[in-house]
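The residues making up each chain are set out below.
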Amino acid sequence: RKKCIRISTGSKQLDACLNGGFQTMSISEVYGEFRCGKTQLAHTMAVIAQLPKASLANSHSREMGGAEGKVAYIDTEGTFRPERIMEIAERFGVDPDQACENIAYARAQNSEMQTELLEALASNFATNEYRLLIIDSVMALYRTDYSGRGELSERQQVLGSFLRRATQMAEEFNLAVLMTNQVMSDPGASALFAGADGRKPAGGHILAHASTTRLLLRKGRGEERVAKIVDSPDCPEREATYIITTGGIND
Ligand code: ADP
Ligand code: MG
């Protein structure tokens, strides 16, 4: 039986809220407004996943919280920056070029390609020790490709099979799947799902059910940002603050 691993977010406070970080064998979803740090978190975790695992022996080391694995990164918005990976690698004392080499990067231009890229990664996962799959951002292309009102049910069907495949892969290959997601601003759509705070992730019930852990990010005071756990099988609803630095997400 495969053992579930937790991968650190780069923020000790946020890790504490998540019992150590995002876990393998399931989908974690991070959603929030533009510029709240979703892509920066994705970059940070793409480096941390490569680091040594946490253990009692090195629990005071800066290098805990990794998964000693490679990373797959599906980019739907063209916001991946190798230079950021290199800067974050330096924070953790790993070779910047090596850190980039351990990330299998692919840019998806449309939702069909997003599915194809996921399928193509299966052979990577089967032959190498991958521990993290990032999809930044999961709904962006579906929202463009199925923008008409009449297309919503078709979109949800296609999205459902994408998410089922991602869940399968998470379990089969012991992967943490980190999906970033947008919040809905369309007034018609938000009326359908509007929560108390008016911030609802795109993707509706299909995505809500697929995500084991959901995290809402927002801007706080000054440079501070706030992460709120809104759905988790083993953590209470809590908030943590974090900042974005040259070295990635930090306390
Ligand atoms: P999202 O994906 O949620 O839209 P991002 O992850 O792209 O947001 O975060 C954007 C924020 O990250 C901006 O506020 C920007 O100032 C900050 N940021 C990006 N790079 C750095 C860096 N090297 N040092 C500090 N902050 C940075
Ligand atoms: Mg982004």
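Residues numbered from 1 in each chain as written. Chains lettered and ligands numbered in written order. Predicted model: local features only at pLDDT ≥ 70, side-chain atom pairs only at ≥ 80, totals over all residues. Heavy atoms only, no water.

1. Here we look at the packing of helix H2 (residues 38–48) against helix H3 (residues 82–91)
Following both chains from N to C, one finds H2 and H3 inclined at 55 degrees, their axes separated by 9 Å at the closest point. Overall, the two elements H2 and H3 adopt an arrangement that is oblique. Where H2 crosses over H3, the handedness of that crossing is right-handed. Judged by residue contacts, Gln40, His43, Thr44, Ala46 and Val47 of H2 engage Arg84, Ile85, Ile88, Ala89 and Arg91 from H3. Partitioning the contact of H2 with H3 into residue classes produces 5 nonpolar, 3 polar and 2 charged. (Axes fitted to C-alpha atoms, helices over the stretch in contact; angles between N-to-C directions. Helix = DSSP H or I, 4+ residues; strand = E, 2+ residues; numbered from the N terminus. Parallel < 35°, antiparallel > 145°, perpendicular 65-115°, else oblique. Left-handed = near helix turned anticlockwise from the far one by under 90°. Contact = heavy atoms within 4.5 Å. Nonpolar A, V, L, I, M, F, W, Y, C, P; charged D, E, K, R; others polar.)

2. Regarding the environment of isoleucine 249
Tracing the backbone through its elements, the reader meets isoleucine 249 in strand S11 (residues 248–250). Residue isoleucine 249 is classed as buried on the basis of its relative accessible area of 1%. C-alpha separation for the pair isoleucine 249 and glutamine 109, spaced 140 residues apart in sequence, amounts to 27 Å. With sequence-adjacent residues up to four places away left out, isoleucine 249 is seen in contact with Thr9, Gly10, Ser11, Gly37, Gln40, Leu41, Thr44, Arg91, Tyr242, Ile243 and Ile244. (Buried < 20%, exposed > 50% of the residue type's maximum accessible area, 1.4 Å probe, protein only.)

3. Concerning H2
Of all 11 residues making up H2, 10 are buried, and the element is well covered by its neighbours. Those residues of H2 that sit buried are Lys38, Thr39, Leu41, Ala42, His43, Thr44, Met45, Ala46, Val47 and Ile48.

4. As for the environment of phenylalanine 34
By the element assignment, phenylalanine 34 lies in the loop between strand S3 (26–32) and H2. For the pair phenylalanine 34 and valine 177, spaced 143 residues apart in sequence, the C-alpha to C-alpha distance is 21 Å.

5. Re the site of ligand 1
In the neighbourhood of ligand 1, 13 residues make up the surrounding shell, with Arg35, Lys38, Thr39, Gln40 and Arg225 lying closest. A distance of 2.7 Å separates an oxygen atom of ligand 1 from a polar atom in the side chain of lysine 38. Within the backbone of glutamine 40, a nitrogen or oxygen atom sits 2.7 Å from an oxygen atom of ligand 1. Across the complex, the protein chains shield 71% of the 570 Å² of accessible surface that ligand 1 would expose by itself. Considering every element that reaches the shell around ligand 1, the biggest residue donor is H2, with 3 residues. A class-by-class count of the residues in the shell around ligand 1 yields 3 nonpolar, 5 polar and 5 charged. (Near = heavy atom within 4 Å. Polar contact = N/O pair within 3.5 Å; in protein donor to acceptor, adjacent residues only side chain to side chain. Areas by Shrake-Rupley, 256 points an atom, 1.4 Å probe, with all protein chains shown as cover.)

6. Brief notes about the pairing of strand S6 (residues 130–136)
The buried fraction of S6 amounts to 7 of the 7 residues, a majority that puts the element mostly inside the structure. Where strand S4 (residues 70–75) and S6 come together, 6 bridges link them in parallel fashion. Note that in S6 the partner of tyrosine 73 across the bridge is isoleucine 134. (Pairing = 2+ DSSP bridges.)

7. What about the pattern of salt bridges?
The final tally for this structure, using the stated rule, is 6 salt bridges. For glutamate 129, the salt bridge identified is with arginine 131, shortest N-O distance 2.6 Å. Residue glutamate 129 is classed as exposed on the basis of its relative accessible area of 53%. (Salt bridge = Lys/Arg side-chain N within 4 Å of Asp/Glu carboxyl O.)

8. Quick notes on the nonpolar core
If you look at the biggest cluster of nonpolar residues, it comprises 37 residues, and the most contacted ones within it are Ile7, Phe22, Leu132, Ile134, Leu178 and Leu215. The element contributing the most residues to this core is H2, with 6 residues. Beyond its immediate sequence surroundings of up to four residues, isoleucine 134 is in contact with Ala42, Ala46, Val71, Ala72, Tyr73, Ile74 and Leu178. Counting residues in each nonpolar core, the second largest holds 32 residues, with Leu159, Leu163, Ala166 and Val177 among its members. (Core = buried A, V, L, I, M, F, W, Y, C linked by side-chain atoms within 4.5 Å.)

9. Brief notes about the sheet that holds strand S8 (residues 213–219)
The strand order across the open sheet built from 9 strands is S5-S4-S6-S7-S3-S8-S9-S10-S11, with neighbouring strands paired in mixed fashion. Every interior strand has two partners, whereas the edge strands, strand S5 (103–107) and S11, have only one. Each neighbouring strand pair of the sheet contributes to a mean axis angle of 25 degrees, computed without reference to strand direction. Pairing of strand S10 (residues 239–245) with S11, which is carried by 3 bridges, proceeds in the antiparallel orientation. For isoleucine 243, the partnering residue across the bridge sits in S11 and is asparagine 250. This element, H3, spans S5, S10 and S11 of the sheet and lies at about 40 degrees to S11.

10. Some points on helix H5 (residues 111–127)
Relative to the 24 Å expected for 17 residues at 1.5 Å per residue, H5 spans 26 Å between its end C-alpha atoms, a close match to the ideal helical length. Among the residues making up H5, those that are buried are Ser111, Gln114, Leu117, Leu118, Leu121, Ala122 and Phe125. Where H5 is buried, its residues meet S4, S5, S6, helix H6 (140–145) and helix H7 (152–172). (Expected span 1.5 Å × (residues − 1).)

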